[in-house]
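Structural overview for review
The primary structure of each chain is shown beneath.
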2 protein chains.
Amino acid sequence: MKSYLEKPYVVGIDIGGTNSVFGIVDTRGTILTNGSIKTAAYTTIEEYVDALCKSLLPLIVAQGGVDKIKGIGVGAPNGNYYSGTIEFAPNLPWKGVLPLAALIEERLGIPTALTNDANAAAVGEMTYGAARGMKDFIMITLGTGIGSGIVINGQVVYGHDGFAGELGHVIVRRQGRMCGCGRKGCLETYCSATGVARTAREILAARTEPSLLRDIPAESIVSKDVYDAAVQGDKLAQEIFEFTGTLLGEALADFIAFSSPEAIVLFGGLVKSGDYIMKPLQKAIDDNILNIFKGKAKILCSELKDSDAAVLGASALAWELKEAAV
Amino acid sequence: MKSYLEKPYVVGIDIGGTNSVFGIVDTRGTILTNGSIKTAAYTTIEEYVDALCKSLLPLIVAQGGVDKIKGIGVGAPNGNYYSGTIEFAPNLPWKGVLPLAALIEERLGIPTALTNDANAAAVGEMTYGAARGMKDFIMITLGTGIGSGIVINGQVVYGHDGFAGELGHVIVRRQGRMCGCGRKGCLETYCSATGVARTAREILAARTEPSLLRDIPAESIVSKDVYDAAVQGDKLAQEIFEFTGTLLGEALADFIAFSSPEAIVLFGGLVKSGDYIMKPLQKAIDDNILNIFKGKAKILCSELKDSDAAVLGASALAWELKEAAV
């Protein structure tokens, strides 16, 4: 209890291809103070860490100093929890294997944990959000791509190599859509926000019915346009969500057969499409799930604010750090 | 160490639709003595447990008595690890929820754990077999159906309800073959031993090439016939295994994306088909796996003798019983 009282805060850092955002967070998930730097402005990882720590340190000092910080959690693309390294991340400016956690620890003297953003999101929901009190759930983040974090027995599944939980790249259509990963038919080519836009373009090209979406140049359509059209009663737009929800539900039914979770927590802009996507999704789960799992797994939406979720998720990792629990 | 030395044995019980086999096992996985009873010969679960214990007790006494037994492990269809119950098992004579572990414990005064046979097989491989020393692997049993046991961080994944790991019922072909579970396209309709026989019948009916398999009445073909034909150079038979191995490999590539295991351990008669199935299987994994997992998960065959594996797997559960570790 002593150390808990002495170290009431954690730091969360979320590294994206464009921005790196960070904040100091208390036990209830309040972001007390935050900041950001441009990720791509630094040619080496050392320069980046230098800039990051220079921006972060004043915030830490303002909250009472390094002694008040239990740990730092980092969410980063291709983050390996075991080694604290970022490995071959295609959307970051630095190549190869980057010992980010060690560099930050060295610089600030604060224990640092690192994992990918979807795993961080899972820990965030478990600590502050929709999965509080749960020991078995699956987090699915629906963004430009699809990420996932799997929690079993209260622990994130990192797998043998630290990279487990790539459910966005489960193949849902053999010989289906080309994916950025080089393979075909991955879940994220259909059910991410960009997947929804692809479906819109496909359906508009293949069909002749009128649609509000025809007023937008096909290449410019984004998932928000499809939502706006659906809300206005556009049948094709509603059908696009039905297709998306159905494919996602079919995939979730298979994921449930793997780990039989208490819940699946969905996060991302698409979740805001509400019933347009959630109804066909729930129906597809019910239609496709093995009898013994029927009605067991709840489908929940994230309870974290979009703008806070990345920092909160990363910060939650730091509460689990054992080294600091002296 | 005291209790370990005093209780050097465990009991394994494997309950099948036809036979229930049991044995007393030492720490090295040697079955010291064994026996069996007919499962379906008893109209109530109480009569069954009575008969089981009456057959088992003399074996225990011959090994030095109840005090020498650390615990009893039971592998049973639809076995729920958390509650020690068998729940709605379609192939057993007794219906509903059966508190089997409690009934055995009550009768013999020995701590008893229960799970389904594929989970038991996974613990068996981890304790005595191909997965010794591994903390993350997936066990796949290829029999009449397909079962699976998933181990993460050294623990079997039981999920929220005790029934996780039904990978035989992941859907690999939407609107595919009818499955005994009432749904369509489950992995086990293609890649179990009966799935191989179904493929044989389908291919023989759809094609006209000569094949040794045409000498056998279509309805009588079993997977062993396909193997025998393949060994004799029969092209259609070899193609049947290629199809089976490819579908299984595609599915395994997706499973790897879930938990990134160190290995996948295969068990069952089909594994004896060797290269006929293993080569296309490995190729399908390599062709379908996400880049970051490439070449990481080993595909292994069980190291337990077919005839011993069920009892050994069940017995291994008992070493993990905490209650007895006084």
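Notes on the structure follow. The shown structure was predicted, so the numbers you read here are calculated from the model rather than taken from an experiment. (Residues numbered from 1 in each chain as written. Chains lettered and ligands numbered in written order. Predicted model: local features only at pLDDT ≥ 70, side-chain atom pairs only at ≥ 80, totals over all residues. Heavy atoms only, no water.)

Looking now at the overall build of chain A. When its secondary structure is counted, chain A shows ten helices and 13 strands. Computed over its C-alpha atoms, the radius of gyration of chain A comes to 20 Å, within 12% of the 20 Å expected for a compact globule of 326 residues. Each principal axis of the C-alpha distribution contributes one length, and for chain A these read about 65 × 45 × 35 Å. Of the contacts formed within chain A by residues at least 6 apart in sequence, a portion of 63% connects residues at least 24 apart. About 13200 Å² of surface is accessible on chain A, with carbon and sulfur atoms providing 53% of the total. Seen as two clouds, the 30 positive and the 36 negative side-chain charges of chain A have centres 2 Å apart. (Helix = DSSP H or I, 4+ residues; strand = E, 2+ residues; numbered from the N terminus. Rg over C-alpha atoms; globule rule 2.2 N^0.38 Å. Contact = heavy atoms within 4.5 Å. Areas by Shrake-Rupley, 256 points an atom, 1.4 Å probe, with all protein chains shown as cover. Lys, Arg positive; Asp, Glu negative; His and termini not counted. Charge placed at Lys NZ, Arg CZ, Asp CG, Glu CD.)

All names here are of chain B. The strand order across the open sheet built from three strands is S5-S6-S7, with neighbouring strands paired in antiparallel fashion. Pairing within the sheet leaves two strands with one partner each, and these edge strands are strand S5 (79-80) and strand S7 (97-98). In the sheet, strand S6 (residues 85-87) pairs with S7 via two bridges, with the strands oriented antiparallel. Looking across to S7, one finds that Ile86 is bridged to Leu98. (Pairing = 2+ DSSP bridges.)

Mapping chain A onto chain B leaves a residual RMSD of 0.0 Å; the transformation is a rotation of 180 degrees accompanied by 0.0 Å of translation along its axis. Taken together, the rotation and translation relating the two chain copies correspond to the operation of a two-fold axis. Interface overlap between copies: 98% of the residues of chain A at the interface are likewise at the interface in chain B, consistent with a symmetric, same-surface contact. (Least-squares fit on C-alpha atoms with pLDDT ≥ 70 in both.)

With that settled, the discussion passes to the interface of chain A and chain B. Each side of the interface is counted separately: chain A has 40 residues, and chain B has 39 residues. Both faces considered, chain A and chain B share a buried interface measuring about 3500 Å² in area, 57% of it formed by carbon and sulfur atoms. Contact with chain B buries area across many residues of chain A, yet His160, Arg174 and Phe258 of chain A alone supply 22% of it, more than any other trio. For the interface between chain A and chain B, the tally reads six salt bridges. Taking the shortest distance from any N to any O, the salt bridge between Asp254 of chain A and Arg174 of chain B comes out at 3.6 Å. Inspection of the chain A/chain B interface yields 22 residue pairs in polar contact (both at pLDDT 80 or more). Broken down by element, the side of chain A that touches chain B gets its largest block of residues, six residues, from helix H8 (residues 235-259) of chain A. By residue class, the composition of the side of chain A that touches chain B is 19 nonpolar, eleven polar and ten charged. (Buried area = accessible area lost by both parts, 1.4 Å probe. Salt bridge = Lys/Arg side-chain N within 4 Å of Asp/Glu carboxyl O. Polar contact = N/O pair within 3.5 Å; in protein donor to acceptor, adjacent residues only side chain to side chain. Nonpolar A, V, L, I, M, F, W, Y, C, P; charged D, E, K, R; others polar.)

Note that an α-helix has 3.6 residues per turn; residues three or four places apart therefore point the same way. All names here are of chain A. For helix H9 (residues 275-288), spanning 14 residues, the distance from its first C-alpha to its last is 19 Å, which sits close to the expected 20 Å at 1.5 Å a residue. Along H9, the positions that sit buried rather than exposed are Ile277, Met278, Pro280, Leu281, Ala284, Ile285 and Asn288. Contacts made by the buried residues of H9 are with H8, strand S12 (263-267) and strand S13 (298-301). (Expected span 1.5 Å × (residues − 1). Buried < 20%, exposed > 50% of the residue type's maximum accessible area, 1.4 Å probe, protein only.)

Moving on, we get to the packing of helix H8 (residues 235-259) of chain B against helix H9 (residues 275-288) of chain B. Residue and element names in this part refer to chain B. Packing of H8 against H9 leaves a shortest axis separation of 7 Å and a crossing angle of 40 degrees. With respect to H9, the element H8 is oriented oblique. Crossing hand, H8 versus H9: right-handed. For the pair formed by H8 and H9, the contact residues are Gln238, Phe241, Glu242, Thr244, Gly245, Thr246, Leu248, Gly249, Glu250, Leu252, Ala253 and Ile256 on the first element and Tyr276, Ile277, Pro280, Leu281, Ala284, Ile285 and Asn288 on the second. Broken down by class, the residue content of the contact of H8 with H9 amounts to eleven nonpolar, six polar and two charged. (Axes fitted to C-alpha atoms, helices over the stretch in contact; angles between N-to-C directions. Parallel < 35°, antiparallel > 145°, perpendicular 65-115°, else oblique. Left-handed = near helix turned anticlockwise from the far one by under 90°.)

Glancing now at the side chain of Ser302 of chain B. Residue and element names in this part refer to chain B. Topologically, Ser302 is positioned in the loop between strand S13 (298-301) and helix H10 (306-319). Here the side chain of Ser302 touches Glu125 through a polar contact of 2.5 Å, side chain to side chain. Apart from residues lying up to four places away in sequence, Ser302 is in contact with Glu125, Ala130, Val265, Leu266 and Phe267.

Residue and element names in this part refer to chain B. Bridging between strand S2 (residues 19-25) and strand S3 (residues 31-38) involves seven bridges; their strand directions are antiparallel. When the bridges of S3 are listed, Phe22 appears paired with Gly35. Taken together, S2 and the strand that follows it, S3, pair antiparallel across an intervening segment of five residues, in which Gly29 is found at a positive phi of about 85 degrees.

All names here are of chain A. The sheet built from three strands is open, its strands ordered S5-S6-S7 with antiparallel pairing. Sheet topology places strand S5 (79-80) and strand S7 (97-98) at the edges, where each strand pairs with a single neighbour. The sheet contact formed by S5 and strand S6 (residues 85-87) spans two bridges and is antiparallel. Across the sheet, Asn80 pairs through a bridge with Thr85, a residue of S6.

Before going further, it helps to spend a moment on the nonpolar core. Ile140, Val226 and Phe255 of chain A together with Ile140, Val226 and Phe255 of chain B are the most contacted members of the largest nonpolar core, which totals 106 residues. In contact with Phe255 of chain B, not counting residues within four places along its chain, are Phe258 of chain A together with Ile138, Ile140, Leu167, Val170 and Leu187 of chain B. (Core = buried A, V, L, I, M, F, W, Y, C linked by side-chain atoms within 4.5 Å.)

Attention now moves to the packing of helix H4 (residues 117-128) of chain A against helix H10 (residues 306-319) of chain A. Residues and elements named next belong to chain A. Two elements in contact, H4 and H10, have axes separated by 7 Å at closest approach and are oriented at 75 degrees. Viewed along their axes, H4 and H10 adopt a mutual orientation that is roughly perpendicular. Each of Ala120, Ala121, Val123, Gly124, Thr127 and Tyr128 in H4 lies in contact with H10, whose residues at this interface are Leu312, Gly313, Ala314, Ser315, Ala316, Leu317 and Trp319. Tallied by class, the residues present in the contact of H4 with H10 amount to nine nonpolar, four polar and no charged.

So, about the packing of aromatic side chains. With the rule as written, the count across this model stands at 19 aromatic pairs over all chains. Residues Tyr42 of chain A and Tyr48 of chain A carry aromatic rings whose centres are separated by 6.1 Å and whose planes lie at 65 degrees to one another, so their mutual orientation is edge-to-face. An aromatic cluster is defined as three or more aromatic residues linked by ring pairs; in this entry it consists of Phe255 and Phe258 of chain A together with Phe255 and Phe258 of chain B. (Phe/Tyr/Trp six-rings, centres within 6.5 Å; stacked < 30°, edge-to-face > 60°.)

To continue, consider H10 of chain A. Residues and elements named next belong to chain A. A rise of 1.5 Å per residue sets the reference length of H10, with its 14 residues, at 20 Å; its end C-alpha atoms lie 21 Å apart and thus fit the reference within 8%. At Leu312, H10 is bent by approximately 25 degrees, the largest bend along its length. Most of H10 is tucked away, with ten of its 14 residues classed as buried. Of all the residues in H10, the buried ones are Ala309, Val311, Leu312, Gly313, Ala314, Ser315, Ala316, Leu317, Ala318 and Trp319. (Bend = angle between axes of the 7 residues up to and from the residue.)

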